[in-house]
Amino acid sequence: MPRNKVAWRRLVFVVLIIASLAVLTVSFRESDSGPVHDIQQGVAGMLSPMQSWGSRIAQPFHDGYAWLTTLWSAHKDADRLSKQVQVLQGQVVELEEQAEENQRLKGLLDLKDKGTFPAGTQFVVARVVAKAPDKWTEWVEINKGSADGLKLDQAVVGSTPLAGETLAGKGLVGHVYEVTTHSAKVLLITDSASNVAAKIQGSRAEGIIQGGGALASSLSMNLVDRDISVDPKLVVVTSGYGGLTAGSGGMYPADIPVGIVASVGEQGVNPYRSIEVQPLVDFRVLEEVMVLIVPEDATSTTARGTGTTGSGVTETTTTTTTNKATTTTTTTG
């Protein structure tokens, strides 16, 4: 660029600065009716419509920018709120699970407090961690074992969601038949190999409850004398006597709820009744159980057996064991 043009621009710039300073000085010193103020007001009056038009033209762009800004902010808030909703939903599910678990554990506690268990019995609460994979055996695996005091043939009780203020939903589950250090398997009373000596409250009829396997919806109570009247809806509890298998007498303490009499039938000349028992525990939704650790010197009643003497006289021997004494009573009839 030629040097004379650069010098000319600098000169014009200096002149404009000096003129601006002069105008500002005059404007500050003159009154509101001075010529400079008149010129300012005139120029302002001329530019005012242009400013209004410019404002109107710019307003849609301003509104569009504000709308985009609000939309982006709302999008971010929606993402944040969506994540919060997911977290809260997860917490709600967790709280519901905890509430249901607390209800089930409360059922176990009620069974412990209201149940008639031998003095000194300890209770080990365990969680069901596995179930039999087929329809031919009925067992569950729990997360407690010998390290927690569990041994073979200990009775196991449970409570399912049907539990309330009554015994419904709370009762006998089965017994421990396999034990490791930190786990155990419980044979359910619904298994076909299970048998429980039981009695019916009200009629006092006694018999043996046997499971029908996973395909059966109820238990069967056999060896019940047909001369004893039995009505439906009566409660069936353990008798504390021996079952069909040797050594099962000490497995189940007396008076543990088992089920409800569902139906009573007779089969021709059979001297025994056929009784269907609906178990109190819903084994389909069993999640927690309670293992009974009964002291070896606790009070128990065991039926030693019924036999026939050589003279054709029926003889029943019952042995009652207490903490410090053993009494044997023989009845001959």
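The structure under discussion appears in the preceding block.
All of these numbers come straight from a predicted model, not from anything done at the bench.

Student: How do you make sense of the overall build of the chain when you look at a structure like this?
Tutor: A count of helices and strands for the chain gives 2 helices and 15 strands. By residue count, 30% of the 333 residues in the chain fall in the buried class. In the chain, the share of contacts with a sequence separation of at least 24, taken over all contacts with a separation of at least 6, comes to 55%. Here the chain displays about 20,700 Å² of accessible surface, and carbon together with sulfur accounts for 58% of that area.

Student: Whenever I open this one, a nonpolar patch on the surface confuses me. Can you help?
Tutor: Taken together, the side chains of Trp 8, Leu 11, Val 12, Val 15 and Leu 16 make up a nonpolar region of the molecular surface, amounting to roughly 490 Å² of accessible area. Mapped onto the fold, Val 12 is located in helix α1 (residues 3-29). Residue Val 12 is classed as partly exposed on the basis of its relative accessible area of 32%.

Student: Got a minute to help me understand the nonpolar core in this structure?
Tutor: In terms of nonpolar packing, the biggest core is built from 44 residues, with Ile 142, Val 173 and Met 221 touching the most fellow members. Top element by residues in this core is strand β12 (residues 288-293). It accounts for 5 residues. Once residues lying within four places of it in the same chain are set aside, the contact partners of Ile 142 are Ala 126, Arg 127, Val 128, Val 129, Leu 150, His 182, Ser 183, Ala 184, Val 186, Val 289 and Val 291.

Student: Honestly, the pattern of salt bridges in this entry has me stumped. Any pointers?
Tutor: A side chain of one charge can pair with a side chain of the opposite charge if their charged atoms are brought near each other. On inspection of all chains with the given rule, the structure shows 4 salt bridges. As a salt-bridge pair, Arg 80 and Asp 77 come within 3.5 Å of each other at their nearest N and O atoms. Placement of the pair is Arg 80 and Asp 77 together in helix α2 (residues 35-114), with a separation of 3 residues, close to one helical turn. Judged by relative accessible area, which is 32%, Asp 77 ranks as partly exposed.

Student: Explain the sheet that holds strand β5 (residues 184-188) here, please?
Tutor: Across a sheet, paired strands are connected by hydrogen bonds in the backbone, their directions being either parallel or antiparallel. Strand order in the closed barrel made by the 6 strands is β1-β2-β5-β4-β3-β12, with antiparallel pairing throughout. Shown here is a sheet whose adjacent strand axes are inclined to one another by a mean of 45 degrees, direction ignored.

Student: Honestly, the sheet that holds strand β7 (residues 206-210) in this entry has me stumped. Any pointers?
Tutor: Spatially, β6-β7-β8-β11-β10-β9 is the arrangement adopted by the 6 strands of the closed barrel, whose pairing is antiparallel. The mean angle between the axes of side-by-side strands here comes to 40 degrees, regardless of whether they run parallel or antiparallel. In this structure, strand β10 (residues 257-266) lies alongside strand β11 (residues 272-279), joined through 7 bridges in antiparallel fashion. Directly across from Val 261, in β11, lies its bridge partner Val 277.

Student: Hey, could you run me through the pairing of β12 in this one?
Tutor: Consecutive side chains of a regular strand alternate in pointing toward one face of the sheet and then the other. With 6 of 6 residues buried, β12 is to be regarded as a mostly interior element. Alternating residues of β12 divide into Glu 288, Met 290 and Leu 292 and Val 289, Val 291 and Ile 293, and every residue in both groups is buried. For strand β1 (residues 122-131) and β12, the ladder comprises 6 bridges, and the chain directions are antiparallel. Paired with Val 125 across the strands is Met 290, a residue of β12.

Calculation rules
- In this numbering scheme, every chain counts its residues from 1 along its sequence in written order.
- Confidence filtering applies because this is a predicted model: local features only for residues at pLDDT of at least 70, side-chain atom pairs given and counted only at 80 or more, and all residues used for totals across whole chains, interfaces and linings.
- Computation of side-chain values covers all heavy atoms of the structure but excludes hydrogens and water.
- Helix numbers and strand numbers start at the N terminus; a helix is a DSSP run of H or I with at least 4 residues, a strand a run of E with at least 2.
- A 1.4 Å probe rolled over the protein chains alone gives each residue an accessible area, and that area as a share of the maximum for its type sets the label: buried under 20%, exposed over 50%, partly exposed in between.
- For this analysis, residues touch if any pair of their heavy atoms sits within 4.5 Å.
- Surface exposure here means Shrake-Rupley accessible area, sampled with a 1.4 Å probe, where a residue is shielded only by the protein chains that are shown.
- Each patch is built from salt-bridge-free residues with over 30% relative accessible area, joining like charges within 9 Å and nonpolar side chains (Val, Leu, Ile, Met, Phe, Trp, Tyr) within 5 Å.
- Take a side-chain nitrogen of Lys or Arg and a carboxyl oxygen of Asp or Glu: if they are within 4 Å of each other, that pair is a salt bridge.
- What makes a nonpolar core is a set of buried Ala, Val, Leu, Ile, Met, Phe, Trp, Tyr and Cys residues whose side-chain atoms join them at distances within 4.5 Å.
- We call two strands paired when DSSP finds no fewer than two bridges between them.
- Every axis in this analysis is a line fitted to C-alpha atoms, fitted for helices over the stretch in contact. Angles between the N-to-C directions lie between 0 and 180 degrees.

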